[in-house]
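Chain by chain, the residues run as shown.
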Amino acid sequence: MTDGVQTSEDPFALPIVQIEGNGDLARVCDQIESLLRERAVPIYQRGGMLVRVINEGGEERKGISRDKLSPRIVPFDDLSLAELVTRHIEVQRRNRKTGEFARIDCPRAIAQTLLARKEWEFPHLEAVVEHPIMLTTGEVLWESQYHEDSGLLLSVPLFTFISPENDPGREAAMESLEGLRGLLDGFPFVDDTDLSVALAFILTAFVRPVLPTSPAFGVDAHAPGSGKSTLIRVASRIATGREPAFITFGEDPTELRKLLFAALLEGDQQIAIDNVDVPVSGSELAVILTSPMYRGRVLGQSTNASVPTKAVISFNGNNLTIVGDLTRRVLVCRLDPMCERPAEREFDFDPIEEIAQARSEFVLQALTIMQAYVLNGERVSIRPFGSFEEWSRLVREPLIWLGLPDPVDSIRVLEQFDPERTQLRSMIEAVKAAQGLKPFKASDLIAMATAKHQRQHQLMGEPAVEGEAQEMLKEALILVCERNGELNVKALGKWLLRMKGRIQSGFRFVQRQQSTVSIWCLDAAQ
């Protein structure tokens, strides 16, 4: 016996921790934590909480639909931690009357103290992964175990995957690319850039757990039945063998933020925001895509947690619209069956069934494409893709290396139809036509677009904005600041502040004077 811990020569006997009485709490907690680590009990720390991994069951989350057997990361509470301690350690307390020690269940006070410490020696858990992973060096992890360097817990079924090649070359990568292209042959991609986005979507899963950030992926079509959800299911089925965690997209950004945080907290690797029918925007979503950690409030509790953003996030919708800053964080793949009723088409292929029959081959093909490029040592010359440099090296560059279009080119299509860019373009053209580069107040623009402006200038003998220029300005202002049927000066002022300095069509709005009333002008960008 050492400091209240008894050991036995029997390798199957539980270690014993003895509680002498009051004042013993700190020592007992230290000993229990140390023994739990020594016995490799599956306890991890994540986001300032102690967590465990469960493979079935768990609380159903309204708004998230997922496979019930998918691994889920859940926080310990005091009862579940006390139960786990009791299973792995024999806790004894001295009887005050007899002076002897007797076995007891782990007291809740000990579990509560362990949870409240917030500084532990338990291993950090970044993600639970059900498939092989390629590290940034080109090395592939494919055996079930906890990897301390990466913080990944690989939970890979035995005899599921083919051993990765040691040093695949360009020829092997080309063969692998053809294999994945064959799987996607039945999808009606608009052009090869859309195919490249779909392939990038598939490849990303096999490096996402080791990357700090990754873009999201969108699948867009003009009508239901075009294959949007199927393509998202294909990417998830190859990676995890399961359906993704589907989230229903609503107009309430707060609710979406809560659901995304819940999915990240519970460790979902594939998160699909399904059937989006409103413009996709939101600063919180942008933060999730460009930050390695995301902080939020744990649902049902009064505590906050910071969790890794190690998930592949996707959207699908008919005539999908991505707004504002998200246009440079989402890569969109377009599908167009070129028929009136896409849902009534007959298919001679079933990619989901093909994956079920040969998932390990498709996984190996995805890994080989990236591994061959990284180990080759070449670098493809590409334009920067801010916030996603590592993703570009491991996913984007291999596809370009093999002759595919740059998947990031899909952003140009998004920008063309981005409502914010459209508004800015219309306002710049309208203001330029109405009054050139002269200074103005927000109220001046609204006045120029009204009949009152014309009457005032006629009385003063000055030229007024009229005809096509006035109509153009009015239409642009309606898009920007119409509230309850009227043009609103405050709304226009807020819009100008939000768009300040953004260059479009070679011009930008510049704030020349900051006072009670701001003075603005159009400025030609250098």
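Everything here concerns the structure above.
Residues numbered from 1 in each chain as written. Predicted model: local features only at pLDDT ≥ 70, side-chain atom pairs only at ≥ 80, totals over all residues. Heavy atoms only, no water.

Right, let's talk about the overall build of the chain for a bit. Secondary structure assignment for the chain yields 16 helices and 24 strands. Reported as C-alpha extents along the three principal axes, the dimensions of the chain are approximately 110 × 60 × 45 Å. Counting across all 526 residues of the chain, residues that qualify as buried make up 51%. A fraction of 71% describes how many contacts in the chain between residues 6 or more apart in sequence connect residues 24 or more apart. Of the roughly 25500 Å² of accessible surface on the chain, 47% is carried by carbon and sulfur atoms. Charge separation in the chain, taken as the distance between the mean sites of 58 positive and 74 negative side-chain charges, equals 9 Å. (Helix = DSSP H or I, 4+ residues; strand = E, 2+ residues; numbered from the N terminus. Buried < 20%, exposed > 50% of the residue type's maximum accessible area, 1.4 Å probe, protein only. Contact = heavy atoms within 4.5 Å. Areas by Shrake-Rupley, 256 points an atom, 1.4 Å probe, with all protein chains shown as cover. Lys, Arg positive; Asp, Glu negative; His and termini not counted. Charge placed at Lys NZ, Arg CZ, Asp CG, Glu CD.)

A rise of 1.5 Å per residue sets the reference length of helix 1 (residues 25–38), with its 14 residues, at 20 Å; its end C-alpha atoms lie 20 Å apart and thus fit the reference within 8%. Of all the positions in helix 1, only V28, C29, Q31, I32, E33, L35 and L36 are classed as buried. Of the residues one or two after helix 1, A40 is the one with positive phi, at around 55°. (Expected span 1.5 Å × (residues − 1).)

What follows deals with the sheet that holds strand 13 (residues 152–154). A sheet is described by the order of its strands in space; here 3 strands give the open sequence 9-13-12, paired in mixed fashion. In this open sheet, the two strands that pair with only one neighbour each are strand 9 (127–129) and strand 12 (145–147). Neighbour-to-neighbour, the strand axes of this sheet turn through a mean angle of 20°, independent of strand direction. Note that strand 12 and strand 13 share 3 bridges and pair antiparallel. Looking at the pairing, Q145 lines up with L154 of strand 13. (Pairing = 2+ DSSP bridges. Axes fitted to C-alpha atoms, helices over the stretch in contact; angles between N-to-C directions.)

Attention now goes to the sheet that holds strand 4 (residues 49–54). As a general point, the strands of a sheet are linked pairwise by backbone hydrogen bonds and lie either parallel or antiparallel. Strand order in the open sheet formed by 3 strands is 3-4-6, and the pairing between neighbours is antiparallel. Edge strands, defined here as strands with exactly one partner in the open sheet, are strand 3 (44–46) and strand 6 (72–75). Along the sheet, successive strands turn relative to each other by an average axial angle of 50°, direction set aside. Sheet topology note: the strand 4/strand 6 ladder contains 4 bridges and is antiparallel. Across the sheet, the residue bridging to I54 is R72, located in strand 6.

Now for the packing of aromatic side chains. Following the criterion strictly, the structure yields 11 aromatic pairs and no others. A centroid spacing of 5.9 Å and a plane angle of 80° characterise the contact between F187 and F349, whose relative ring orientation is edge-to-face. Note that F187 is positioned in the loop between helix 4 (170–183) and helix 5 (192–204) and F349 in the loop between strand 20 (330–335) and helix 9 (351–376), a separation of 162 residues in sequence. For F187, a relative accessible area of 7% gives the class buried. Pairing F385 with F388 gives two aromatic rings, centres 5.0 Å apart and planes at 55°, and the pair type is tilted. When its relative accessible area of 6% is taken as the criterion, F385 is described as buried. Taken together, F201, F217, F385, F388 and W391 form an aromatic cluster joined through their ring pairs. The ring of W401 carries the charged tip of R170 above its face, separated from the ring centre by 4.9 Å. (Phe/Tyr/Trp six-rings, centres within 6.5 Å; stacked < 30°, edge-to-face > 60°. Lys NZ or Arg CZ within 6 Å of the ring centre and 35° of its normal.)

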